[in-house]
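Below, each chain spelled out in residue letters.
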Amino acid sequence: MKSVVFFLLSILLWTTTSCHTKKDSAETKSPSAVVSVKVNYEKQAGPGSNQWAVWIEDAKGNLVKTLFVTNFTADGGYAPRPACTPVWVSKALPKTLTGNQIDAFSGATPLSGLQTYVWDLTDNNGSPVAKGTYKVVVEATLYGESEAIYQTFITIGDQETSTIVEPRYTAADTKNREMIQSVEVEYAFVK
């Protein structure tokens, strides 16, 4: 009988402690936040077009995490076509990555429309990043060697922000400039 009473008291004590611990951790946990990168894309015709990458860098320009890159580029398309997102290729070094690593962030060229890529504030290893300033980059190969590069700095901290990012073009050629019609970056708390 003593062992049954001891067993029941142990369960009661464990349940009370577990519930109390969960409640405390929920009350002290800071709100989660994400960075959303919204790319309004319109499919284009022509060689070397419709390739892009989205990634995060730290304030020193080091790659923190790739959010997306088109399959053609990620699977080695940069070798026969060096103009396919050359900045991302130089940062991510895809030839050194495993197939599983590439599969985690690559995808088929999507249909035209709004594409949203979400950064969960972790690095490529899944570790949380520190508060501070980060650079969000979208690099789009428009046609041949012509590119549009969208980049903005965002501060991870206590204030939500949103910004429309203007492109910098690498060539005077205007062909396919409507491929990426807009890029918006938003830092927001998850409710």
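Within each chain, residue numbers correspond to sequence positions counted from 1 in written order. Predicted model: local features are reported for residues with pLDDT of at least 70 only, side-chain atom pairs are reported and counted for 80 or more only, and whole-chain, interface and lining totals are derived from all residues. No hydrogens and no water enter the side-chain calculation; it runs on all heavy atoms of the structure.

### Quick notes on the overall build of the chain
Phase 1: In DSSP terms, a helix is any run of H or I states spanning at least four residues, a strand is any run of E spanning at least two, and both are numbered starting from the N terminus. Helix and strand content of the chain: 4 helices and 10 strands.
Phase 2: The order of α-helices and β-strands along the chain, N terminus first, is α-β-β-β-α-α-α-β-β-β-β-β-β-β.
Phase 3: Each residue gets one of three labels from its accessible area relative to the maximum for its type: buried under 20%, exposed over 50%, partly exposed in between, using a 1.4 Å probe on protein chains only. The 191 residues of the chain split such that 38% are buried.
Phase 4: Partitioning the contacts of the chain with sequence separation of at least 6, the portion at a separation of at least 24 is 66%.
Phase 5: Computed by Shrake-Rupley with a 1.4 Å probe, the accessible areas treat only the displayed protein chains as cover when residues are assessed. As displayed, the chain has an accessible area near 11,000 Å², and 57% of this comes from carbon and sulfur atoms. Contacts between residues were defined by any pair of non-hydrogen atoms, one from each residue, lying within 4.5 Å.

### Observations regarding the nonpolar core
Phase 1: Counting residues in each nonpolar core, the largest one holds 29 residues, and the members touching the most others are Val35, Val37, Trp52, Trp119, Ile180 and Val183.
Phase 2: Of all the secondary structure elements, the ones that give two or more residues to this core are strand 1 (33-41), strand 2 (51-58), strand 3 (63-70), strand 5 (113-119), strand 6 (132-143), strand 7 (146-156) and strand 10 (180-189).
Phase 3: With sequence-adjacent residues up to four places away left out, Ile180 is seen in contact with Val39, Asn40, Tyr41, Trp52, Ala140 and Tyr150.
Phase 4: Here, nonpolar core refers to any group of buried Ala, Val, Leu, Ile, Met, Phe, Trp, Tyr and Cys residues whose side-chain atoms link them within 4.5 Å. Ranked by size, the runner-up nonpolar core spans 12 residues in total, among them Ala53, Val89, Val137 and Ile149.

### A few points about the pattern of salt bridges
Phase 1: Salt bridges are defined as contacts in which a side-chain nitrogen from Lys or Arg sits within 4 Å of a carboxyl oxygen from Asp or Glu. The full count for this structure, using the stated rule, is 6 salt bridges.
Phase 2: A salt bridge links Lys91 to Glu57, with the shortest nitrogen-to-oxygen separation between them at 3.5 Å. Of this pair, Lys91 sits in helix 3 (residues 86-92) while Glu57 sits in strand 2, and the two are 34 residues apart along the sequence.
Phase 3: Using a relative accessible area of 30% as the deciding quantity, one classes Lys91 as partly exposed.
Phase 4: Classification of Glu57 as buried rests on a relative accessible area of 3%.
Phase 5: For Glu160, the salt bridge is made with Lys191, and the minimal N-O distance between the two is 3.3 Å.

### Regarding the packing of aromatic side chains
Each pair of aromatic rings is reported with the distance of its centres and the angle of its planes.
Phase 1: A pair of aromatic rings is counted whenever rings of Phe, Tyr or Trp (Trp by its six-membered ring) have centres within 6.5 Å, and the orientation is called stacked for planes under 30 degrees apart, edge-to-face for over 60 and tilted otherwise. Tallied over the entire structure, the rule returns 6 aromatic pairs.
Phase 2: Considering the side-chain rings of Tyr41 and Trp52, the 4.4 Å spacing of their centres and the 50 degrees angle between planes classify their relative orientation as tilted. One end of the pair, Tyr41, is in strand 1; the other, Trp52, is in strand 2, and 11 residues separate them in sequence.
Phase 3: Ring geometry for Phe68 versus Tyr117: centroids 4.8 Å apart, planes at 25 degrees, classification stacked.

### Focus on the environment of Cys84
Phase 1: Inspection of the secondary structure assignment puts Cys84 in the loop between helix 2 (71-77) and helix 3.
Phase 2: The residues contacting Cys84, other than those within four sequence positions of it, are Gln51, Phe72, Thr73, Gly77, Tyr78, Val89 and Thr141.

### Quick notes on the pairing of strand 3
Phase 1: Burial of strand 3 is extensive: 7 of the 8 residues sit out of reach of the surface.
Phase 2: For two strands to be treated as a pair, DSSP must find no fewer than two bridges joining them. Summarising the sheet, strand 2 and strand 3 pair through 5 bridges and their orientation is antiparallel. By the bridge assignment for strand 3, Trp55 is matched with Thr66.
Phase 3: The loop that links strand 2 with its antiparallel partner strand 3 comprises 4 residues; one of these, Gly61, has a positive phi angle of about 90 degrees.
Phase 4: Both strand 3 and strand 4 (residues 106-107) contribute to a ladder of 2 bridges, which runs parallel.

### Describing the side chain of Gln44
Phase 1: Checked against the element boundaries, Gln44 lands in the loop between strand 1 and strand 2.
Phase 2: The definition of a polar contact used here is a pair of N or O atoms within 3.5 Å, where within protein one atom must be able to donate a hydrogen and the other to accept one, and adjacent residues in sequence count solely through side-chain atom pairs. Looking at Gln44, its side chain comes within polar contact range of the main-chain oxygen of Glu42, at 2.8 Å.
Phase 3: Residues within four places of Gln44 in sequence aside, it is in contact with Ser49, Asn50, Asn176, Glu178 and Met179.

### A short note on the sheet that holds strand 4
Strands pair in a sheet through their backbones, by hydrogen bonds, and they do so in one of two ways: parallel or antiparallel.
Phase 1: Taken in spatial order, the 6 strands make up an open sheet running 4-3-2-6-7-9, and their pairing is mixed. Both edges of this open sheet fall to strand 4 and strand 9 (167-169), since each of them pairs with a single strand only.

The values are spatial; any link to function lies outside them.
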